[in-house]
Amino acid sequence: SGSTGQPKGVINTHRGLVNRLCWMQQAYGLTAQDRILQKTPLSFDVSVWELFWPLLNGATLVIAKPGGHKDSTYLVKTICQQQITTLHFVTSMLAAFLEEPNVESCTSLQQLICSGEALSPALQKQFFTKLPNVELHNLYGPTEATIDVTAWQCQPDESTVPIGHP
C-alpha cells in the first residue's frame, strides 16, 4: 500500500483474505460465465482479489499485458475482445477509461468495482451515462484491513457517493 506516498509492506492473515473473498462472492456472485481482467500490479492489494476470487469460484481469469493497467485504449480493446464481465479501477483510471471514444462498446461488462480514491458524484454520473447497464460499486478501506472495509452500490439517480456500509 502506498497511499501515504511512502510504499509499505502489509501483512494480512490467510483468514482475513479468505473472509474477504467469501464476502466478495456473496456480494457480487461470480459464475463460470464471468471473466475477470487481472490488471493491477502485484505490488498493490487489489491484485490479490483479482487473482484469487475468479479462481476460487470457477470464473475465467484474463491477465493484462504488463503496463496495460495504464493504457485505457488497450483496456477497452481487451475488455471487448476478451468479453470481460468484472473489472476494478482506481478512480483516476476510471476517469481516463470513461474518456475513451469506444468505451460504450464494452457491452460485456456487468460490474465495475472502484476503490483506492474518492469517487465523485460527477464521475458516477459520467459512468452511468456511458455504461448505463453496468453496476458500479464504491469500496473503501486500508490495506491493513484486507483491502476494503466498506462497500456501496452506486445508483444512477444518486447525487452523492457514500463510502458504504461494513
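Preceding block: the structure.
Small disclaimer: the values here were computed from a predicted structure and weren't measured.

1. Looking at a nonpolar patch on the surface
Nonpolar side chains collect at one region of the surface, where Phe 52, Leu 55 and Leu 56 lie side by side and expose about 320 Å² of accessible area between them. One can find Leu 55 in helix H2 (residues 46-57). Relative accessible area serves as the criterion here: at 53%, Leu 55 is assigned to the exposed category.

2. Let's talk about the packing of aromatic side chains
Inspection of the entire model under this criterion finds five aromatic pairs. With a centroid separation of 5.6 Å and an interplanar angle of 75°, the aromatic rings of Trp 49 and Trp 53 are classed as edge-to-face. Highlighted residues: Trp 49 and Trp 53, both in helix H2, separated by four residues, approximately one helical turn. By the burial criterion, Trp 49 is buried, and Trp 53 matches it. Both rings, one in Phe 127 and one in Phe 128, keep their centres 5.2 Å apart while their planes meet at 85°; by these two values the pair is edge-to-face. An aromatic cluster of three or more residues is present, and its members are Trp 23, Tyr 28, Trp 49 and Trp 53. One Lys or Arg, Lys 65, reaches over the ring of Tyr 74 and ends 4.6 Å from the middle of that ring.

3. A short note on the pattern of salt bridges
With the rule as written, the count across this model stands at one salt bridge. Arg 20 is paired through a salt bridge with Asp 148; the nearest N and O atoms lie 3.1 Å apart. Highlighted residues: Arg 20 in helix H1 (residues 14-28) and Asp 148 in the loop between strand S5 (135-140) and strand S6 (150-153), separated in sequence by 128 residues. We classify Asp 148 as buried; its relative accessible area is 12%.

4. A short note on the nonpolar core
Formed by 28 residues in total, the largest nonpolar core has its most connected members in Leu 94, Phe 97, Leu 109, Leu 112 and Phe 127. Apart from the residues within four sequence positions on either side, Leu 109 is in contact with Ile 79, Ile 84, Thr 85, Thr 86, Leu 87, Phe 97, Leu 131 and Val 134. Membership of the second largest hydrophobic core comes to 13 residues, among which are Leu 21, Tyr 28, Trp 49 and Ala 59.

5. Concerning the environment of Ile 113
In this structure, Ile 113 sits in strand S4 (residues 111-114). Accessibility expressed as a relative area gives 1% for Ile 113, which makes it buried. Note: C-alpha distance between Ile 113 and Phe 44 (69 residues apart in sequence) is 15 Å. In this structure Ile 113 touches Met 24, Tyr 28, Trp 49, Trp 53, Leu 87, His 88, Phe 89, His 137 and Leu 139, once residues within four positions along its chain are discounted.

What counts, and where the lines are drawn
Residues numbered from 1 in each chain as written. Predicted model: local features only at pLDDT ≥ 70, side-chain atom pairs only at ≥ 80, totals over all residues. Heavy atoms only, no water. Patch = residues over 30% accessible without salt bridge, like charges linked within 9 Å, V, L, I, M, F, W, Y side chains within 5 Å. Areas by Shrake-Rupley, 256 points an atom, 1.4 Å probe, with all protein chains shown as cover. Salt bridge = Lys/Arg side-chain N within 4 Å of Asp/Glu carboxyl O. Helix = DSSP H or I, 4+ residues; strand = E, 2+ residues; numbered from the N terminus. Buried < 20%, exposed > 50% of the residue type's maximum accessible area, 1.4 Å probe, protein only. Phe/Tyr/Trp six-rings, centres within 6.5 Å; stacked < 30°, edge-to-face > 60°. Lys NZ or Arg CZ within 6 Å of the ring centre and 35° of its normal. Core = buried A, V, L, I, M, F, W, Y, C linked by side-chain atoms within 4.5 Å. Contact = heavy atoms within 4.5 Å.

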